[in-house]
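Residues per chain are reported as follows:
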Amino acid sequence: MLKEIVRRDRPFITHPGVIIPKLNETGYSFPSNTTSLAFATATSLSMAVPKWYVIAPSFLYASTIGYSRLYLGVHYPSDVLGGAVVGVASSYITFLGQRWLQRRKVKQVHVPN
């Protein structure tokens, strides 16, 4: 949905001949869905298991995915950054919503009659 609102062309379309894509992607560029998914996964894993040996590799992997989108010539740096922000934010908001629902459920179960 955000891609349809922003409607930003991919770098190899905007700069033909200068950027030669190594992958043929279609659709709009901003934000990077692949990067968003990688950072959402890394954030979820990090909140589920808050240990350095989970957090560091998770975000290293997500950052590598983001870099690959630049290397392949299918995204601008701001697309990758936007995807990372969307991924982290959506995962964190989902985490907060789940925690709120869990607390609400516990309060309903323990209501005295």
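For the structure given in this document, a descriptive report is provided here. For clarity, every value in this text was computed on a predicted model and none was experimentally measured. (Residues numbered from 1 in each chain as written. Predicted model: local features only at pLDDT ≥ 70, side-chain atom pairs only at ≥ 80, totals over all residues. Heavy atoms only, no water.)

Time to look at the packing of aromatic side chains. Overall, the coordinates contain four aromatic pairs when judged by the stated rule. Residues tryptophan 52 and tyrosine 53 carry aromatic rings whose centres are separated by 5.9 Å and whose planes lie at 85 degrees to one another, so their mutual orientation is edge-to-face. Judged by relative accessible area, tyrosine 53 falls into the partly exposed class, the value being 49%. (Phe/Tyr/Trp six-rings, centres within 6.5 Å; stacked < 30°, edge-to-face > 60°. Buried < 20%, exposed > 50% of the residue type's maximum accessible area, 1.4 Å probe, protein only.)

What follows deals with helix α3 (residues 33-48). Taking 1.5 Å of rise per residue, 16 residues should cover 22 Å, and α3 covers 22 Å from first to last C-alpha, within 8% of that figure. By the burial criterion, the buried members of α3 are Thr35, Ser36, Ala38, Phe39, Ala40, Ala42, Thr43 and Ser46. (Helix = DSSP H or I, 4+ residues; strand = E, 2+ residues; numbered from the N terminus. Expected span 1.5 Å × (residues − 1).)

As for its placement among the helices and strands, serine 91 is situated in helix α5 (residues 77-109). A polar atom in the side chain of serine 91 sits 3.3 Å from the backbone oxygen of alanine 40. Setting aside residues up to four positions removed in sequence, serine 91 forms contacts with Ala40, Thr43, Ser44 and Met47. (Polar contact = N/O pair within 3.5 Å; in protein donor to acceptor, adjacent residues only side chain to side chain. Contact = heavy atoms within 4.5 Å.)

A word on the environment of phenylalanine 39. Mapped onto the fold, phenylalanine 39 is located in helix α3. According to the relative accessible area criterion, phenylalanine 39 is buried, its value standing at 12%. Counting along the chain gives 66 residues from phenylalanine 39 to lysine 105, while the straight-line C-alpha distance between them is 29 Å. Leave out the neighbours within four places in its chain, and phenylalanine 39 touches Phe59, Ala62, Ser63, Ala84, Gly87 and Val88.

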